[in-house]
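Each chain, written out:
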Amino acid sequence: MSITLAFGTFSFSLARRRERPPILIRTLIFANASWAVRCRLLGGVFLYDRVGVRLMHVAAEVVVVGALAMLERSHRHRLRFAL
């Protein structure tokens, strides 16, 4: 829970900036990618528990957060400045 709150606070503070330093964008990309990996590993645990709803939730989170990390990485130069 505290990790989610810290990530939300960080991403919100980053979204409010007019100019975003590249190191903070890379930190955001790393956070999303590592969360996707964590969810993937957690999915393996739920696979053996045979808990379908949790497994589906974690699998969906892997797809969404992993795609978000890839999009942020591919558009990291455009993310430097607010519109």
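Going by the structure above, here's the rest.
In this report, the structure presented in the accompanying data block is examined. (Residues numbered from 1 in each chain as written. Predicted model: local features only at pLDDT ≥ 70, side-chain atom pairs only at ≥ 80, totals over all residues. Heavy atoms only, no water.)

What follows concerns the overall build of the protein chain. Counting secondary structure elements, the protein chain contains 3 helices and 0 strands. Walking the protein chain from its N terminus toward its C terminus, one meets helices and strands in the order α-α-α. Once the C-alpha set of the protein chain is aligned to its principal axes, its extents read approximately 45 × 25 × 20 Å. When the 83 residues of the protein chain are sorted by exposure, 19% land in the buried category. Once local pairs closer than 6 in sequence are excluded, the contacts in the protein chain between residues at least 24 apart make up 61%. Here the protein chain has roughly 6,500 Å² of accessible surface; of this, 69% comes from carbon and sulfur atoms. Looking at charge distribution, the protein chain has the averaged site of its 13 positive side-chain charges lying 6 Å from that of its 4 negative ones. (Helix = DSSP H or I, 4+ residues; strand = E, 2+ residues; numbered from the N terminus. Buried < 20%, exposed > 50% of the residue type's maximum accessible area, 1.4 Å probe, protein only. Contact = heavy atoms within 4.5 Å. Areas by Shrake-Rupley, 256 points an atom, 1.4 Å probe, with all protein chains shown as cover. Lys, Arg positive; Asp, Glu negative; His and termini not counted. Charge placed at Lys NZ, Arg CZ, Asp CG, Glu CD.)

Now for helix α3 (residues 52-74). Between its terminal C-alpha atoms α3 stretches 33 Å, which fits the 33 Å expected from 23 residues at 1.5 Å a residue. Within α3 the residues assigned to the buried category are Val 58, Val 65, Gly 66, Ala 69 and Glu 72. (Expected span 1.5 Å × (residues − 1).)

Looking now at the environment of Leu 79. Relative to the helices and strands, Leu 79 resides in the segment after α3. For the pair Leu 79 and Val 58, spaced 21 residues apart in the sequence, the C-alpha separation amounts to 27 Å. Among residues more than four places away in sequence, those in contact with Leu 79 are Arg 20, Ile 25 and Glu 72.

Applying the stated criterion across every chain yields a total of 1 salt bridge. In this structure, Glu 19 and Arg 80 form a salt bridge, with 3.2 Å as the shortest nitrogen-oxygen distance. Here Glu 19, found in the loop between α1 (2-16) and α2 (22-49), pairs with Arg 80, found in the segment after α3; they are 61 residues apart in sequence, far enough to count as distant. On the basis of relative accessibility, which here comes to 24%, the residue Arg 80 falls in the partly exposed class. (Salt bridge = Lys/Arg side-chain N within 4 Å of Asp/Glu carboxyl O.)

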